Amino acid sequence: MSPDSIEQLRQAMGRTPLTDWHPPVLSLVWRALIAVTGTPSSMAVLQSVVFWGALWVVAWCVWDLTASRAGSLAVLGIGLTPPVLTFAGVVWKDVHAAAALLAACAVAFVGLRLRLRKRDVAPAMRWGLFGLGVLFLAYAMLVRKNVFLAAIPLFVLLVLALWRAPGRRTWALCAAALVAALVVPSVAISRIAHPVETRQGAQIMLDDLIHVLTVEELRSADVPPDLRNRLVMAAEQCRSTGALSDAYWACYERRPDGMARDADGITSLWLSEMGSHVPGYLQYRLRLFAGLLFETGYSYQAGVFPNELGIEVSHPRLEAGLGAYIGGMGADLRPLFRGWFWLAVALFLTVRAGRGRFSLPIRALGVSSMVYVLGYLPTMPATNYRYVYWSALACTLGLLLLWLDRRPTTLAPAASNPARTGSAVTMADAVTAHHPADHEEQRQPR
């Protein structure tokens, strides 16, 4: 547990007010779990169950479709690889988002298995699976706003895995369901829980102003004197310490209510100044992004951050063993903890997904991973590995599926019909070949 984890636990336990600096939904779920179980560790149990349960479902689908024991065990083994295991037990919004996206992929794999088996799926079951997948996607976006970019390719995967040839009405209904799954809990949390508004988004603009504008320009900035003085002091402090990002925590004189009172002034100044500082802005953002790709740090969260809540590591020797495993593998296989490596793998999966039975999920995982990393270009606050964690998990699964697709294997016999041993059905055929539309699609306008 990092300081972020401890702060969310404080909010879950009611020790500090609920705020929107960290996702309120995570703290509220944690609060409910503590109320039911009486222990804060229930959150770590829940995210582990979702994470390993999703891997198990994908492994089961892979086994059923390929009859490859090695392939299905390799899917489970993804959870033990250093770039994935490192954060699997850390209570972070990044990990929750990754586990929820993986769970949505698992639901899509169930639909894909039914499709490739050419089984008729009752509309109730199809919509039930879709609803479950949408809930996972919505939760991922609620705990990590920029996951929206990564969730869209998985949403497309979910729809195409469950419907043979979705028409315009199906797409519209599915999109409306996703929007509702996002809006309804957001409004409910705002109206019922009343999280304190902190205007965290201004933190990114603060970085830009301090590192793009000169100190002299900040001294003449058209903002309230108090804010102007603190901007000047922060710029001088960042320059003297060499802090390239995360100025809010490294250099800025913070208020108790976060960015709430400063956000309007910072936003106004950013809008008026960045247009005349485009070259400097691009250089600064590209420098930060290069750091995320080639100087990726914070690849392991050691133990539990000191706290007054009585939370500590129960098995320090196991934690030390995990730290040695992650640290040693990170030193020997450094690219596995670098953003550039996973961005390159994502691009490869997107371009070379092939035409096998898993080509659709391979491409979806590749696109999701790629846009997730690229989405940090204008918004990245630091160069932490946690910002590419989903990409590492998704790309590892995508590479494994690509390997399975290129093996000379046939579709495994269906459990309900042991005599059936038909040839392998490619994903491209499953998606693009002409099939008679099901009864639901026949009633829909094209």
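Residues numbered from 1 in each chain as written. Predicted model: local features only at pLDDT ≥ 70, side-chain atom pairs only at ≥ 80, totals over all residues. Heavy atoms only, no water.

An unreviewed UniProt entry lists the protein under the name Integral membrane protein, with Streptomyces neyagawaensis as the source organism.

1. What to know about the overall build of the protein
A count of helical and extended segments in the protein gives 21 helices and zero strands. In terms of its C-alpha atoms, the protein occupies a principal-axis envelope of roughly 80 × 55 × 45 Å. Counting over 446 residues, the protein shows a buried share of 50%. For the protein, the proportion of contacts with a sequence separation of at least 24, taken over those separated by at least 6, is 75%. When the accessible surface of the protein is totalled, it reaches about 20,000 Å², and 64% of it is carbon and sulfur. (Helix = DSSP H or I, 4+ residues; strand = E, 2+ residues; numbered from the N terminus. Buried < 20%, exposed > 50% of the residue type's maximum accessible area, 1.4 Å probe, protein only. Contact = heavy atoms within 4.5 Å. Areas by Shrake-Rupley, 256 points an atom, 1.4 Å probe, with all protein chains shown as cover.)

2. Structural notes on the state of the cysteines
The full count for this structure, using the stated rule, is one disulfide. What pairs with Cys-238 in a disulfide is Cys-251, and their sulfur atoms sit 2.0 Å apart. In this structure the cystine formed by Cys-238 and Cys-251 twists about its S-S bond by roughly 115°; its chirality is therefore right-handed. On the criterion of sequence distance, the pair formed by Cys-238 in helix α12 (residues 225-241) and Cys-251 in the loop between α13 (247-250) and α14 (263-273) is long-range, its members being 13 residues apart. The class for Cys-251 is buried, based on a relative accessible area of 12%. The thiol of Cys-105 is not disulfide-bonded; the next cysteine sulfur, from Cys-395, is found 12 Å away. Here Cys-174 stays unpaired: no disulfide links it, and the sulfur of Cys-105, its closest cysteine neighbor, is 16 Å away. (Disulfide = S-S within 2.5 Å.)

3. Notes on the environment of Ser-27
Tracing the chain through its elements places Ser-27 in helix α2 (residues 24-37). The exposure class assigned to Ser-27 is buried, which follows from its relative accessible area of 0%. With 17 residues separating them in the primary sequence, Ser-27 and Arg-10 have C-alpha atoms 8.6 Å apart. For Ser-27, the contacting residues outside a window of four places in its chain are Gln-8, Gln-11, Ala-12 and Leu-18.

4. What to know about the layout of surface pockets
Unfilled space is identified by rolling a water-sized probe across the atoms. Reported here for the second largest pocket is a volume of approximately 860 Å³. Forming the walls of the second largest pocket are 29 residues, and the residues nearest its centre are Ala-44, Gly-89, Val-90, Glu-319 and Leu-322. Of all the secondary structure elements, the ones that give two or more residues to the lining of the second largest pocket are α3 (42-66), α5 (82-88) and α16 (316-332). Top element by residues in the lining of the second largest pocket is α3. It accounts for five residues. The residue makeup of the lining of the second largest pocket, split by class, is 18 nonpolar, nine polar and two charged. (1 Å grid on protein atoms, 1.4 Å probe; cavity = no way out; pocket = protein on both sides within 12 Å on 5 of 7 lines; lining within 4 Å. Points joined across faces, edges and corners; volume = space filled by probe spheres on them. Nonpolar A, V, L, I, M, F, W, Y, C, P; charged D, E, K, R; others polar.)

5. Some thoughts on the packing of aromatic side chains
Each pair of aromatic rings is reported with the distance of its centres and the angle of its planes. Evaluation of the coordinates by the stated rule reveals 22 aromatic pairs. Here Phe-109 and Phe-358 contribute two aromatic rings whose centre-to-centre distance is 6.0 Å and whose plane-to-plane angle is 40°, an arrangement assigned as tilted. Of this pair, Phe-109 sits in helix α6 (residues 93-116) while Phe-358 sits in the loop between α17 (339-351) and α18 (359-374), placing them 249 residues apart in sequence. You can call Phe-358 buried: its relative accessible area is 0%. (Phe/Tyr/Trp six-rings, centres within 6.5 Å; stacked < 30°, edge-to-face > 60°.)

6. Topic: the nonpolar core
Counting residues in each nonpolar core, the largest one holds 140 residues, and the members touching the most others are Leu-137 and Trp-390. By residue number, the principal contributor to this core is α6, which donates 18 residues. (Core = buried A, V, L, I, M, F, W, Y, C linked by side-chain atoms within 4.5 Å.)

7. So, unusual backbone geometry
Residue Ala-67 is not a glycine yet carries a positive backbone phi of 55°. Locating Ala-67 in the fold gives a position in the loop between α3 and α4 (69-77). A positive phi angle, near 50°, is found at His-194, a position not held by glycine. Mapped onto the fold, His-194 is located in the loop between α9 (168-193) and α10 (202-212).

8. Observations concerning the packing of helix α1 (residues 3-12) against α2
Viewed as axis vectors pointing N to C, α1 and α2 meet at an angle of 60°, and their least axial separation amounts to 8 Å. In terms of their interaxial angle, α1 and α2 are classed as oblique. The element α1 and its partner α2 pack so that their crossing is right-handed. Each of Ser-5, Gln-8, Leu-9, Gln-11 and Ala-12 in α1 lies in contact with α2, whose residues at this interface are Leu-26, Ser-27, Trp-30, Arg-31 and Ile-34. Considering only residue class, the contact of α1 with α2 consists of five nonpolar, four polar and one charged. (Axes fitted to C-alpha atoms, helices over the stretch in contact; angles between N-to-C directions. Parallel < 35°, antiparallel > 145°, perpendicular 65-115°, else oblique. Left-handed = near helix turned anticlockwise from the far one by under 90°.)

9. Section: the side chain of Ser-5
When you line up the elements, Ser-5 lands in helix α1. Residue Ser-5 is classed as buried on the basis of its relative accessible area of 0%. Side-chain polar atoms of Ser-5 contact the backbone oxygen of Val-91, separated by 2.8 Å. In this structure, Ser-5 is in contact with Trp-30, Val-90, Val-91 and Trp-92, ignoring residues within four places of it in sequence. (Polar contact = N/O pair within 3.5 Å; in protein donor to acceptor, adjacent residues only side chain to side chain.)

10. Examining α9
In this model α9 runs 37 Å from its N-terminal to its C-terminal C-alpha over 26 residues, within 8% of the 38 Å that 1.5 Å per residue would give. For α9, the set of buried residues is Thr-170, Cys-174, Leu-178, Ala-181 and Ile-189. Once α9 ends, the next one or two residues include His-194, with phi positive near 50°. (Expected span 1.5 Å × (residues − 1).)

11. So, the packing of helix α7 (residues 123-143) against helix α8 (residues 147-162)
Where α7 meets α8, the axes come as close as 10 Å, and the angle between the chain directions of the two elements is 175°. Judged by the angle between their axes, α7 and α8 are roughly antiparallel. Along the contact surface, α7 presents Arg-126, Leu-129, Phe-130, Gly-133, Val-134, Leu-137, Ala-140 and Met-141, while α8 presents Val-147, Phe-148, Ala-151, Leu-154, Phe-155, Leu-158, Val-159 and Leu-162.

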